[in-house]
Amino acid sequence: MKTQVAIIGAGPSGLLLGQLLHRQGIDTVILEAKTPEYVLSRIRAGVLEYGFVDLMREAGASERMDREGLVHEGFSLDFNGRRERIDMAGLTGGHSVMVYGQTDLTEDLMAIRKTSGAPIIYEAANVQLHDFYTDAPRVTFEHKGEKITLECDYIAGCDGFHGVSRQSAPQDKIRNFERVYPFGWLGLLSDTPPIEEELLYIHNPRGFALCSMRSTTRSRYYLQCSLAEHVEEWSDDRFWSELSLRLPKDIAGQLITGPSLEKSIAPLRSFVAEPMKFGRMFLVGDAAHIVPPTGAKGLNLASSDVYTLYHALRGTYHEGRADLLDKYSEICLRRIWKAERFSWWMTMLLHTFDEDPFSQRIQQAEQDYYTSTVAGRTTIAENYVGLPYEPVV
Ligand code: RFL
Ligand code: PHB
């Protein structure tokens, strides 16, 4: 089997990259370890930066998103009952975000891949990357009991944090940066109308809470929880009563509860691997970096990596610009570290820590300062809508 770009992983990164390259006449084969149903069962992101929205349009994959996605021009922060709205559009010259679930977006990209006829192999087992420091990289895998070799020009490692691509990089050539946080997020999805029209991030002595949504009839809520807790210990009733206790008092009565469609706990982590290029193998999205979800940046960073690799590959194949791929890592990392900083900072600003009194007062001062000045609110707004993508030239 032969292709130009072998893509490992059919999450949003791999599918979007595949579609953009397909439209440029560049051949790809996508290898995915799981089934399509499994990939779609993971409930994750919901907030898309305008840069991601534009890239979905460029990929010709935006029809349903443009029809059903909710454009949000602001969101609110609540500090123990003191509410501050961040007017994203007003503070950034008109930028907004799109609320549209990762599940729907992945489903759209899967459907387009199917229509395009470009190959995607689900349940590819024992995927291994070879010879990516030569001009003839290979990927081997097993499918339906058969051992298959895929020859290619380049490998795009879009296989998430636990994938094989990052692990295949030579250990003496990679450096990892990491921070773990002493809590997780317990998420619940339900077919109930959202408590408010916009997202609400809540700092409360009982712990952080987030009111988000997927549509006008489907809500997504999160609670800060301890890492020792198990999801089975959280009945729906327990979740709703804890959320009510953390909601601002003036709106707690408006909460509409219902049976959960999904409930899960995610640990919070910051992680970056440097570099993101190893010969002819490139790390993309969660394969290279993780952020705590407080800034809604994970999927959006995957999108800017895809944008950069797509433009570098297009320049290489269509204009003979071999230099562009060498810039991939540095262009991506400049944006990644800024999003890492914002996600870390939002996490520190909004969660409840078991901290000394001095640190607690500093947190209060940060909350106060950043929301009471135009400069502070602008900083939050411009990071939340997404910093601009760097041109690949
Ligand atoms: P994914 O989505 O993990 O997809 C990787 C794919 O690779 C497959 N794979 C393999 N395939 C072949 N061989 C192997 N050896 C393989 N190993 C793995 C996997 O099965 C999978 O299908 O990575 P990708 O595409 O880079 O996408 C990243 C995003 O999924 C992630 O950043 C976001 O979900 C993060 N995130 C959020 N991001 C946002 O931008 N906005 C948000 O509002 C937001 N909220 C969230 C989030 C993540 C969360 N969790 C659970 C981590 C909320 C939560 C709770
Ligand atoms: C979500 O809707 O899943 C979501 C929204 C905003 C975040 C994190 C997650 O910061």
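Please refer to the structure higher up on the page.
Numbering of residues begins from 1 in every chain and follows the order in which that chain's sequence is written. Going through the entries in the order they are written, you letter the chains from A and number the ligands from 1. The model is predicted, so local features are restricted to residues of pLDDT at least 70 and side-chain atom pairs to those at 80 or more, both for listing and for counting; the totals for chains, interfaces and linings are taken over all residues. Excluding hydrogens and water, the side-chain figures rest on all heavy atoms present in the structure.

Caption draft 1: Region of the structure containing the side chain of His130. Residue position: His130 is located in strand β9 (residues 125-130). Among the polar contacts made by the side chain of His130, one reaches the side chain of Thr140 at a distance of 2.7 Å. Working rule for contacts: check all heavy atoms of both residues, and any pair within 4.5 Å makes them a contact. Once you skip the residues sitting within four places of it in the chain, His130 turns out to touch Pro137, Arg138, Val139 and Thr140. In DSSP terms, a helix is any run of H or I states spanning at least four residues, a strand is any run of E spanning at least two, and both are numbered starting from the N terminus. Polar contact is defined as a pair of N or O atoms within 3.5 Å, subject to the rule that within protein one atom must be able to donate a hydrogen and the other to accept it, and that residues adjacent in sequence are counted only when both atoms are side-chain atoms.

Caption draft 2: Main features of the nonpolar core. Counting 79 residues, the largest nonpolar core has Leu16, Leu17, Leu31, Leu48 and Leu309 as the members making the most contacts within it. The greatest single-element share of this core, amounting to eight residues, is contributed by helix α10 (residues 298-319). Nonpolar cores are built from buried Ala, Val, Leu, Ile, Met, Phe, Trp, Tyr and Cys residues. Side-chain atoms within 4.5 Å join them into one set. For the exposure calls, accessible area comes from a 1.4 Å probe over protein chains only, and a residue counts as buried if that area is under 20% of its type's maximum, exposed if over 50%, partly exposed in between. Formed by 30 residues, the second largest nonpolar core is a distinct cluster that contains Val97, Val99, Trp185 and Leu210.

Caption draft 3: Quick peek at the packing of α10 against helix α12 (residues 328-350). Axis angles are defined between N-to-C directions and span 0 to 180 degrees, where every axis is a line fitted to C-alpha atoms and, for a helix, only to the segment in contact. Contact geometry of α10 with α12 gives a least axis separation of 10 Å together with a crossing angle of 160°. If you check the angle between α10 and α12, you find them roughly antiparallel. In the packing of α10 onto α12, the handedness of the crossing is right-handed. Facing Asn300, Leu301, Ser304, Asp305, Thr308 and Leu309 of α10, the residues of α12 in contact are Tyr328, Ile331, Cys332, Arg335, Ile336 and Ala339. Class assignment of the residues belonging to the contact of α10 with α12 gives a composition of seven nonpolar, three polar and two charged. Here the word oblique covers every angle except those under 35 degrees (roughly parallel), over 145 (roughly antiparallel) and from 65 to 115 (roughly perpendicular). Note: crossing handedness is left-handed where the near helix turns anticlockwise from the far helix by less than a right angle, and right-handed where it turns clockwise. Classes in brief: Ala, Val, Leu, Ile, Met, Phe, Trp, Tyr, Cys and Pro nonpolar; Asp, Glu, Lys and Arg charged; the others, Gly included, polar.

Caption draft 4: Up close: the site of ligand 1. Neighbouring ligand 1 are 31 residues, the closest being Ser13, Glu32, Gln102, Asp286 and Leu299. Separating an oxygen atom of ligand 1 from a backbone N or O atom of Pro12 is a distance of 3.3 Å. One of the side-chain nitrogen or oxygen atoms of Gln102 is found 2.7 Å away from an oxygen atom of ligand 1. Out of a free accessible area of 1000 Å², ligand 1 has 86% covered by protein chains. The criterion for a residue being near a molecule or strand is simple. One of its heavy atoms has to lie within 4 Å of it. In these tables, accessible area is a Shrake-Rupley quantity obtained with a 1.4 Å probe, and a residue counts as shielded only by the protein chains included in the view.

Caption draft 5: Representation of the site of ligand 2 within the structure. The environment of ligand 2 is formed by 14 residues, the closest being Tyr201, Ser212, Arg214, Tyr222 and Pro293. Ser212 places a side-chain nitrogen or oxygen 2.6 Å from an oxygen atom of ligand 2. Contacts to ligand 2 include Pro293, whose backbone N or O atom sits 2.7 Å from an oxygen atom. Relative to its free-state accessible area of 270 Å², ligand 2 is covered by the protein chains to the extent of 97%. Of all the elements in the fold, those that place two or more residues in the shell around ligand 2 are β15 (209-213) and β16 (219-225). In terms of residue class, the shell around ligand 2 is built from eight nonpolar, three polar and three charged.

Keep in mind these values describe shape, not function.
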